[in-house]
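A structural walkthrough
Each chain, letter by letter, is given below.
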Amino acid sequence: MARVNQILENADYLSYMEKIEDLEKGRPYCKHGFDHGLSVARIAYAYLLERGELTLSKEGVYAAALLHDIGRWVEYQTGEDHAEVSARLALPLLEESNFSSEDIPVILTGIREHRRHHDGNLTLLGEALAIADDCSRDCRHCAMQTHCHKFKPEMKLIVY
Ligand SMILES: [Fe+2]
Ligand SMILES: [Fe+2]
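These remarks concern the structure in this document.

We now examine the packing of helix α7 (residues 103-113) against helix α8 (residues 124-135). Each pair of packed helices gets described by two things: the angle between the helix axes and the distance between those axes. The geometry of α7 relative to α8 is characterised by a closest axis approach of 8 Å and an angle of 40° between their N-to-C directions. For the element pair α7 / α8, the angle class is oblique. Once α7 is placed against α8, the crossing between them reads as right-handed. When α7 is examined against α8, the residues Val-106, Ile-107, Gly-110, Ile-111 and Glu-113 are found in contact with a partner set consisting of Leu-125, Gly-126 and Leu-129.

This paragraph deals with the coordination of the iron ion (ligand 2). Each protein donor to the iron ion (ligand 2) is listed here as His-36 (NE2), His-68 (NE2), Asp-69 (OD) and Asp-133 (OD); together their distances run 2.2 Å. Considering all four donor atoms around the iron ion (ligand 2), angles at the metal cover 80 to 173° and the coordination shape is irregular. Binding-site remark: the iron ion (ligand 2) is held by donors from one chain whose sequence spacing is H-x31-H-D-x63-D. Between the iron ion (ligand 2) and the iron ion (ligand 1) the interatomic distance amounts to 3.6 Å, and Asp-69 serves as a bridging ligand to the pair. Separated by 97 residues along the polypeptide, His-36 in helix α3 (residues 34-51) and Asp-133 in helix α8 bring together distant segments of the chain.

Cut-offs applied
Residues numbered from 1 in each chain as written. Chains lettered and ligands numbered in written order. Predicted model: local features only at pLDDT ≥ 70, side-chain atom pairs only at ≥ 80, totals over all residues. Heavy atoms only, no water. Axes fitted to C-alpha atoms, helices over the stretch in contact; angles between N-to-C directions. Helix = DSSP H or I, 4+ residues; strand = E, 2+ residues; numbered from the N terminus. Parallel < 35°, antiparallel > 145°, perpendicular 65-115°, else oblique. Left-handed = near helix turned anticlockwise from the far one by under 90°. Contact = heavy atoms within 4.5 Å. Donors = N, O, S within 2.8 Å, 3.2 Å for Na, K, Ca; no water. Tetrahedral: all angles 85-135°; square planar, octahedral: opposite > 155°, others 65-115°.

By themselves these figures say nothing about function.
In structure tokens:
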């Protein structure tokens, strides 16, 4: 996982994560730190393995998941959709970490698609990230569920 570790040590990546942590201080809802990215990575990878359709390397899946929310701080400041911002900020990080010119567009598309759960026309990676994003949160035991637009009472445990 050398290329993924390179992303995690990248000064820009670290500064984005720091900005998110700062801006989410006092946020009563789910936060978007490293632990969220890692959960999404593990679930998305398991989902893709189960589907038996893994076309991207494990490193590519982990990179996509760890970068899918890095634009959150921009959304907090400007209102711009963080999926788009995250893809934009991810590009130089992926290039600097030596991901290939074949893998980079797949990863960026997956990041762009991670909020479009119900579009029905997602790439496999976009679908995996969208599902993993939801499954990474324990909404059924969350104290904020009555205030959260994401919570639906019919939510069942989906195991990945
Ligand atoms: Fe997101
Ligand atoms: Fe997320």
